[in-house]
Amino acid sequence: MKKVIIAGGTGFIGTCLTSRFLEYGYDVIFISRLPDHVQWDENELTHAFERVNVIINLAGKTINCSHTAKNRKAIIQTRVDTTTMIGNAIKNCKTPPELWINASATGIYQPSVEIPMTEDSPVGNDFLAEVVKKWEAAFFNFKLPHTRQVALRTSMVLGENGGALEPLAMLTKLGLGGKQASGKQMISWIHEEDYFNIILFILQNPTLSGVTNCTSPEPVSNKVFMKTMRQVLNIRVGIPAPAIVIRLISKLIGKESKLILNSSNVLPKRLLEAGFKFTFADIDSALTDVLNKL
């Protein structure tokens, strides 16, 4: 039986991947600190990794929190430490995994409204970019001759069982789904089905390795995103939220306002060049599919 191991697989994205991999006949194994899962122990990891088809590492403290000094340290350290532990375990395998996909993020790029970012674009210098740079440095520090490595720079994932979409849909239903700040900031996104299909595509295309953007080919402005959500939900009123209000509310609830205010304009150049076909390329079809399931 084909086998996939997912680190950090009990969250929103991991749950989505698990159900789809099971449909495709894979045996799915989790790495976590929960009972009955593979534990974060190097010897145990090495034993579990033998003859595995793919390892997917999603582990790391969420960035959806207030970026205090303590949280910043934990955000970076949890990503670097888990990545390093997985890499060391793979090095000790007699029959190592065929593929190691490590989560990464489009937050590495410079915030941009007008100019789309691709895998060849300059990286940023803010905290989110620092996180990804250190994360990927830990990943690519390993030179594994028998295990292909892909860092999947992922944008916001749209799905029915969690992630960023549920609170936005709730606000929209309450009439608060207007543009946020200027509304000009770009949003890069990916439907959960295309996220899974991209992983399958990478599995089936051995020439793909290194950094790969995992995002729709059609990023949209915040204004268009929220307008489309209102249309899909059939909500006429959408009160906008000025930047100062977003900063204030974010501080009160312990979240980071930059996650809303920064512009993310990213294209999946390498996937398109490799021939990947998106099921949900435009925001209208993606939101219609997901919101109708909520």
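Scroll up to find the structure this text is about.
Quick summary incoming for the structure in this document. (Residues numbered from 1 in each chain as written. Predicted model: local features only at pLDDT ≥ 70, side-chain atom pairs only at ≥ 80, totals over all residues. Heavy atoms only, no water.)

**Regarding the environment of glycine 177**
Its place among the elements puts glycine 177 in the loop between helix H5 (165-173) and strand S7 (186-187). Exposure remark for glycine 177: the relative accessible area of 0% places this residue in the buried category. In contact with glycine 177, other than residues within four places in its own chain, are Leu171, Thr172, Met226, Arg230, Gly238 and Ile239. (Helix = DSSP H or I, 4+ residues; strand = E, 2+ residues; numbered from the N terminus. Buried < 20%, exposed > 50% of the residue type's maximum accessible area, 1.4 Å probe, protein only. Contact = heavy atoms within 4.5 Å.)

**Quick notes on the nonpolar core**
Judged by nonpolar contacts, the single largest core of 32 residues is most densely connected at Leu17, Phe21, Ile56, Ile101, Leu152, Tyr195 and Ile198. Secondary-structure elements contributing two or more residues to this core are strand S1 (3-7), helix H1 (12-23), strand S2 (27-31), strand S3 (54-57), strand S4 (99-105), strand S5 (148-154) and helix H6 (192-204). Per-element accounting of this core gives the leading share, eight residues, to H6. Ignoring any residue separated from it by four or fewer positions in sequence, one finds isoleucine 101 in contact with Val54, Ile55, Ile56, Asn57, Val150, Leu152, Ile199 and Ile202. Counting 21 residues, the second-largest nonpolar core is a separate cluster that includes Ile5, Trp40, Leu45 and Phe142. (Core = buried A, V, L, I, M, F, W, Y, C linked by side-chain atoms within 4.5 Å.)

**Quick notes on the pattern of salt bridges**
Side chains that carry opposite charge are capable of pairing whenever their charged atoms lie near each other. For the structure on display, the rule yields seven salt bridges. Ionic pairing is found between glutamate 136 and arginine 153, a salt bridge with its closest N-O pair at 2.7 Å. One end of the pair, glutamate 136, is in helix H4 (residues 127-140); the other, arginine 153, is in strand S5, with 17 residues separating them in the sequence. The same class applies to glutamate 136 as to arginine 153, namely buried. Salt bridges sharing partners connect three or more residues here, namely Arg20, Glu23 and Glu193. (Salt bridge = Lys/Arg side-chain N within 4 Å of Asp/Glu carboxyl O.)

**Concerning a nonpolar patch on the surface**
On the surface, Met170, Leu171, Leu174, Leu176, Val237 and Ile239 cluster together into a nonpolar patch covering about 580 Å² of accessible area. With respect to the helices, strands and loops of the structure, methionine 170 is situated in helix H5. A relative accessible area of 55% means that methionine 170 is categorised as exposed. (Patch = residues over 30% accessible without salt bridge, like charges linked within 9 Å, V, L, I, M, F, W, Y side chains within 5 Å. Areas by Shrake-Rupley, 256 points an atom, 1.4 Å probe, with all protein chains shown as cover.)

**As for the state of the cysteines**
One pass over the structure, following the stated rule, counts zero disulfides. Note on cysteine 16: no disulfide assigned, nearest cysteine sulfur contributed by cysteine 214 at a separation of 11 Å. (Disulfide = S-S within 2.5 Å.)

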